[in-house]
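Here is what each chain is made of, one letter per residue.
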Amino acid sequence: MMRTLSFCLAAVLLGWTPSVLARQSLQERGEADLATQLAGRVPGKPVDCLPLGRIDGQTIVDGTAIVYRGMGSTIWVNRPRGAEMLREDDVPVQFVYGSELCSLDQVKLLDRGTRMERGFIGLGQFIPYTKPGKVTH
């Protein structure tokens, strides 16, 4: 009891709130998940646009990134502005102008259960990750 009270008092004095603590742990979990997905892969040169024909699926990593699966063995990671808003149960609605998804494009986030809008994020550069010896597709 005393230890919990001391922690709560320290959190208040440092300006921590439950939402800040939860967000930090969500992002930490997201970073760990992303590291697992990228294990054994090496990053390539970031690009500003990704042709839609290269995208075979996407996964949201909590509070961290959107991972786009390529048609080959390439994984493209995008760390958008506002990534702390990302939840794995979001439905991303991407506004695409032309045949490419580009940095600076916006993505609307919808709650999967209610379909209510949760906000927008702005895409950043796409970083390809491949397994050593594999060709980027």
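What counts and what doesn't
Residues numbered from 1 in each chain as written. Predicted model: local features only at pLDDT ≥ 70, side-chain atom pairs only at ≥ 80, totals over all residues. Heavy atoms only, no water. Disulfide = S-S within 2.5 Å. Helix = DSSP H or I, 4+ residues; strand = E, 2+ residues; numbered from the N terminus. Pairing = 2+ DSSP bridges. Axes fitted to C-alpha atoms, helices over the stretch in contact; angles between N-to-C directions.

Draft legend 1. A look at the state of the cysteines. Scanning the entire structure with this criterion turns up one disulfide. The disulfide partner of Cys 49 is Cys 102, and the S-S distance across this bridge is 2.0 Å. Since a negative S-S torsion denotes a left-handed disulfide, the Cys 49-Cys 102 link at about 110° is right-handed. Placement of the pair is Cys 49 in strand S2 (residues 49–51) and Cys 102 in strand S7 (residues 100–102), with a sequence separation of 53 residues.

Draft legend 2. Summary view of the sheet that holds strand S6 (residues 90–94). As summarised here, the arrangement of the three strands in space is S6-S8-S9, forming an open sheet in which the pairing is antiparallel. The sheet is open, and its two edges are formed by S6 and strand S9 (117–122), each paired on a single side. Across the sheet, the mean angle from the axis of one strand to that of its neighbour is 30°, orientation sign disregarded. Strand direction decides the pairing type here: S6 and strand S8 (residues 106–111), joined by five bridges, are antiparallel. Within S8, the position partnered with Val 91 by the bridge is Leu 110.

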